[in-house]
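Take a look at the letters that make up each chain.
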Amino acid sequence: MADPTELLRHKAMDQGVAETDARSAFYARAGEKDLAPLWKVLAGLVTPFPRPKALAHRWRYADVRPFLMEACDLVTAAEAERRVMVFENPALRGQSRVSDSLFAGLQIIKPGEVAPAHRHVASALRFIIEGEGAYSAIGGERSVMHPGDFVITPSWVWHDHGNEGPAPVVWLDGLDMHIVNLLNASFREEMADQQHPIVRPDDASRAEYGHAMAPASRPLHPSTVSPILNYPYVRADEMLTSMAAHSPADPWRGHMLDYLNPLTGDWAMPTIATSMRRLPAGIGTKPYRSTDTTVFCVVEGEGTSKIGDLEFDWAPHDVFVAPSWEVQEHQASRTATLFSYSDRAVQEKLSLWREARLDAKI
Ligand code: GTQ
Ligand code: FE2
């Protein structure tokens, strides 16, 4: 924690420089030349702690699902291009932001539909919520999606989605477009054809890279994005079950796995960090905070989370968001599995990321 003298200095800075007639006149004249005095804004620009605008918030799947079903009758996937209901943070309405930095939405695709091929600089992740028989075709390779799978759409790779199953399929979309747009680095293209030609066997990326071996003929320099496009839930579940059987839960994070790029050991995606954790029933986690903003999706179990001053209960398929540096405490009433994604991967690349493991609520 910051020491009290430091806090006092911040307070003095926040009080700012008093207005006088001479100063006001000076500011007005400077403004006419597109100039402004730093001393009026410094405290809010270079803040002592992160100050996210987003609020912690939870969306119940039971509330969202009817809107997804209704959207299926109102617009076709072809019309919408992507039939997605966006999670809008209550403090950032109209901006398509689940938090200051991240996008989240639920996409639904009906049997027989195709969401047409396009590509963009923004990277996307899918986390499958319900339904069987849908695929995402990524650079001409189909990844067959099952509930709980984490699927990557790398930057600038053609992708279309389809549903060959009997019922609608729903997944969570997480994208980094707000980070890309902050830097004005966005491009996007639509393909003339609805679907990219299939050029590789289904799930070829997992067959080649998903088993701690790699083709000897792989490129010399690994990509910043994982060569594995789909990390199946069956594997994550198996590993969490084994971890829970052999080791104690981390007091702050439970039993937790990170999704990695096997060729670099770094996060599976260059901008978005993804993890899966299991929280044993009954035991609450100790208070934890970090500078990354985290979006959680409940896979199974039930519980409550305290995030800053707010508290939510949650159940399977609910989505909730924890803004940067707010203290999180999670308590499972029934053994819970939580998928999460955050902007930690990009923060680490810029040497910005910090965390604090606390012993009691501060
Ligand atoms: O499925 O390709 O939610 O490009 C937002 C942008 C989904 C997608 C979104 C996208 C997609
Ligand atoms: Fe896309």
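Residues numbered from 1 in each chain as written. Chains lettered and ligands numbered in written order. Predicted model: local features only at pLDDT ≥ 70, side-chain atom pairs only at ≥ 80, totals over all residues. Heavy atoms only, no water.

Caption draft 1: Focus on helix H2 (residues 21-32). For H2, built from twelve residues, the straight-helix expectation of 16 Å at 1.5 Å per residue is met to within 8% by its first-to-last C-alpha distance of 17 Å. Looking one or two residues past H2, aspartate 34 carries a phi angle of roughly 55°, positive in sign. (Helix = DSSP H or I, 4+ residues; strand = E, 2+ residues; numbered from the N terminus. Expected span 1.5 Å × (residues − 1).)

Caption draft 2: Highlighting the sheet that holds strand E2 (residues 84-86). With respect to topology, six strands assemble into an open sheet ordered E2-E3-E10-E5-E8-E12, the strand pairing being antiparallel. Both edges of this open sheet fall to E2 and strand E12 (230-231), since each of them pairs with a single strand only. Both strand E8 (residues 150-153) and E12 contribute to a ladder of two bridges, which runs antiparallel. Within the sheet, the bridge partner assigned to phenylalanine 150 lies in E12 and is tyrosine 231. Strand contacts of helix H4 (residues 61-74): E2, strand E3 (103-109), strand E5 (124-130) and strand E10 (169-175), with the helix running at about 50° to E3, the strand carrying the most contacts. (Pairing = 2+ DSSP bridges. Contact = heavy atoms within 4.5 Å. Axes fitted to C-alpha atoms, helices over the stretch in contact; angles between N-to-C directions.)

Caption draft 3: Summary view of the site of ligand 1. Taken together, Arg82, Val84, Phe103, Gln107, His118, His120, Arg126, His159, His161, Asp173 and Leu175 form the complete shell of residues around ligand 1. Contact between ligand 1 and histidine 120: an oxygen atom at 2.8 Å from a side-chain N or O atom of the residue. Taking histidine 159, its side chain carries an N or O atom lying 2.9 Å from an oxygen atom of ligand 1. Here ligand 1, which alone exposes 290 Å², has 90% of that area covered by the protein. Sorting the residues of the shell around ligand 1 by element identifies E3, strand E4 (114-120), strand E9 (159-163) and E10 as the ones contributing at least two each. Among the residues making up the shell around ligand 1, the classes are represented as three nonpolar, five polar and three charged. (Near = heavy atom within 4 Å. Polar contact = N/O pair within 3.5 Å; in protein donor to acceptor, adjacent residues only side chain to side chain. Areas by Shrake-Rupley, 256 points an atom, 1.4 Å probe, with all protein chains shown as cover. Nonpolar A, V, L, I, M, F, W, Y, C, P; charged D, E, K, R; others polar.)

Caption draft 4: Quick peek at the coordination of the iron ion (ligand 2). Here the iron ion (ligand 2) is held by the protein donor atoms His118 (NE2), His120 (NE2) and His159 (NE2), which lie 2.1 Å from it. One chain supplies every donor for the iron ion (ligand 2), spaced along it as H-x1-H-x38-H. Here histidine 159 lies in strand E9 and histidine 118 lies in strand E4, a separation of 41 residues in the sequence. Looking at histidine 118, the relative accessible area reads 5%, which means it is buried. (Donors = N, O, S within 2.8 Å, 3.2 Å for Na, K, Ca; no water. Buried < 20%, exposed > 50% of the residue type's maximum accessible area, 1.4 Å probe, protein only.)

Caption draft 5: Representation of the confidence of the model for the protein chain in the model. Residue-level pLDDT values for the protein chain average 95, and 95% of them are 70 or greater. For the protein chain, the element scoring lowest by mean pLDDT is helix H1 (residues 4-15), at 58; strand E18 (residues 319-322) scores highest, at 99. (pLDDT = per-residue confidence, 0-100.)

Caption draft 6: Seen up close, the pattern of salt bridges. Counted by the stated rule, this structure contains 23 salt bridges. Note that arginine 334 is salt-bridged to glutamate 302, the shortest N-O span being 3.4 Å. Of this pair, arginine 334 sits in strand E19 (residues 328-342) while glutamate 302 sits in strand E16 (residues 294-307), and the two are 32 residues apart along the sequence. The exposure class assigned to glutamate 302 is partly exposed, which follows from its relative accessible area of 33%. One salt bridge connects glutamate 348 with arginine 344, and the closest N-O pair in it is separated by 2.6 Å. Taken together, the residues glutamate 348 and arginine 344, both in helix H9 (residues 344-349) and four residues apart, mark about one turn of the helix. (Salt bridge = Lys/Arg side-chain N within 4 Å of Asp/Glu carboxyl O.)

Caption draft 7: Summary view of the side chain of serine 226. For serine 226, the position within the fold is in the loop between helix H7 (204-209) and E12. At 2.6 Å, the side chain of serine 226 and the side chain of tyrosine 231 are in polar contact. Aside from chain neighbours lying at most four places away, what touches serine 226 is Ile152, Tyr231, Leu260, Asn261, Pro262 and Ala268.

Caption draft 8: Just the state of the cysteines, in detail. In total, this model carries zero disulfides according to the counting rule given. Looking at the unpaired cysteine 72, the closest cysteine sulfur is the one in cysteine 297, lying at 18 Å. A relative accessible area of 0% means that cysteine 297 is categorised as buried. (Disulfide = S-S within 2.5 Å.)

Caption draft 9: View of unusual backbone geometry. Although it is not a glycine, asparagine 184 adopts a positive phi angle of roughly 50°. Following the sequence through the fold, asparagine 184 ends up in the loop between helix H6 (177-182) and strand E11 (188-190). Of note, serine 351 is a non-glycine position whose phi angle comes to about 55°, a positive value. With respect to the helices, strands and loops of the structure, serine 351 is situated in the loop between H9 and strand E20 (355-357). Residue serine 351 is classed as exposed on the basis of its relative accessible area of 69%.

Caption draft 10: Representation of the packing of aromatic side chains. The final tally for this structure, using the stated rule, is twelve aromatic pairs. Here phenylalanine 26 and tyrosine 27 contribute two aromatic rings whose centre-to-centre distance is 6.0 Å and whose plane-to-plane angle is 65°, an arrangement assigned as edge-to-face. Given the relative accessible area of 39%, phenylalanine 26 is considered partly exposed. Overall, tyrosine 27 belongs to the buried group, its relative accessible area being 11%. Note on phenylalanine 127 and phenylalanine 339: the rings are 4.0 Å apart at their centroids and 5° apart in plane angle, and the pair reads as stacked. With phenylalanine 127 in strand E5 and phenylalanine 339 in strand E19, this pair connects stretches of sequence that are 212 residues apart. Look at phenylalanine 339 and you get buried, because its relative accessible area is 0%. Joined through ring pairs, the aromatic side chains of Phe127, Phe150, Tyr231, Tyr259 and Phe339 make up one cluster. Directly above the aromatic system of tyrosine 135 lies the positively charged group of arginine 142, at a separation of 3.7 Å from the ring centroid. (Phe/Tyr/Trp six-rings, centres within 6.5 Å; stacked < 30°, edge-to-face > 60°. Lys NZ or Arg CZ within 6 Å of the ring centre and 35° of its normal.)

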